[in-house]
Amino acid sequence: MNGPERKEDEVRRMMDVPHPVVPAGLGPRAAEQGARLLRRHRTVRRAWIGLLVVLVVACAVWATVTEPWAVPPSDTTPPLEGW
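This write-up is about the structure you can find in this document. (Residues numbered from 1 in each chain as written. Predicted model: local features only at pLDDT ≥ 70, side-chain atom pairs only at ≥ 80, totals over all residues. Heavy atoms only, no water.)

Let us look at the overall build of the chain. Regarding its fold elements, the chain presents two helices and zero strands. In terms of overall size, the chain is more extended than a compact globule, its C-alpha atoms giving a radius of gyration of 35 Å where 83 residues would be expected to give roughly 12 Å. Taken over the C-alpha atoms alone, the chain extends approximately 110 × 40 × 10 Å along its principal axes. A buried classification covers 1% of the 83 residues belonging to the chain. If you sum the accessible surface of the chain, you get close to 8300 Å²; carbon and sulfur atoms cover 66% of it. Across the chain, the 11 positively charged side chains and the 9 negatively charged ones have centroids separated by 16 Å. (Helix = DSSP H or I, 4+ residues; strand = E, 2+ residues; numbered from the N terminus. Rg over C-alpha atoms; globule rule 2.2 N^0.38 Å. Buried < 20%, exposed > 50% of the residue type's maximum accessible area, 1.4 Å probe, protein only. Areas by Shrake-Rupley, 256 points an atom, 1.4 Å probe, with all protein chains shown as cover. Lys, Arg positive; Asp, Glu negative; His and termini not counted. Charge placed at Lys NZ, Arg CZ, Asp CG, Glu CD.)

Okay, here's the thing in structure tokens:
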């Protein structure tokens, strides 16, 4: 037997056996767990978006208050020459 034929025979033998018994209530429990997981992911995503918005607003407020793009005033005066 070749590789592909052997694999086909193995799959056919696996498919011929009866299916295992599924526990009662497995579907509703899986659906509830999936819904809980989706709610958790949605909550975490909203928290990250909220944190990002707060960070952007804080940076904007900081930039308008401190004006980091402005040249700081000079502490010394230039020398007076030519008087």
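Below, the discussion takes up helix α2 (residues 26–66). For α2, spanning 41 residues, the distance from its first C-alpha to its last is 59 Å, which sits close to the expected 60 Å at 1.5 Å a residue. Two residues or fewer after α2 comes Glu67, characterised by a positive phi angle close to 45°. (Expected span 1.5 Å × (residues − 1).)

On to the pattern of salt bridges, then. For the coordinates displayed, the defined rule picks out four salt bridges. Its salt-bridge partner being Glu10, residue Arg6 comes within 2.8 Å of it at the nearest N-O pair. Of this pair, Arg6 and Glu10 both sit in helix α1 (residues 3–16), four residues apart, roughly one helical turn. Among the ionic contacts, a cluster of salt bridges with common partners joins Glu32, Arg36 and Arg39. (Salt bridge = Lys/Arg side-chain N within 4 Å of Asp/Glu carboxyl O.)

There is a patch of nonpolar side chains on the surface, built from Ile49, Val53, Val57, Val61 and Val65 and spanning about 460 Å² of accessible area. Of note, Val61 is situated in helix α2. Classification of Val61 as partly exposed rests on a relative accessible area of 47%. (Patch = residues over 30% accessible without salt bridge, like charges linked within 9 Å, V, L, I, M, F, W, Y side chains within 5 Å.)

Before going further, it helps to examine α1. For α1, spanning 14 residues, the distance from its first C-alpha to its last is 20 Å, which sits close to the expected 20 Å at 1.5 Å a residue. Burial runs low along α1: only zero of the 14 residues are buried.

Looking now at the environment of Leu52. As for its placement among the helices and strands, Leu52 is situated in helix α2. On the accessibility criterion, Leu52 (52% relative accessible area) is exposed. Once the C-alpha coordinates of Leu52 and Val22 are considered, the two residues, 30 residues apart in sequence, prove to be 45 Å apart.

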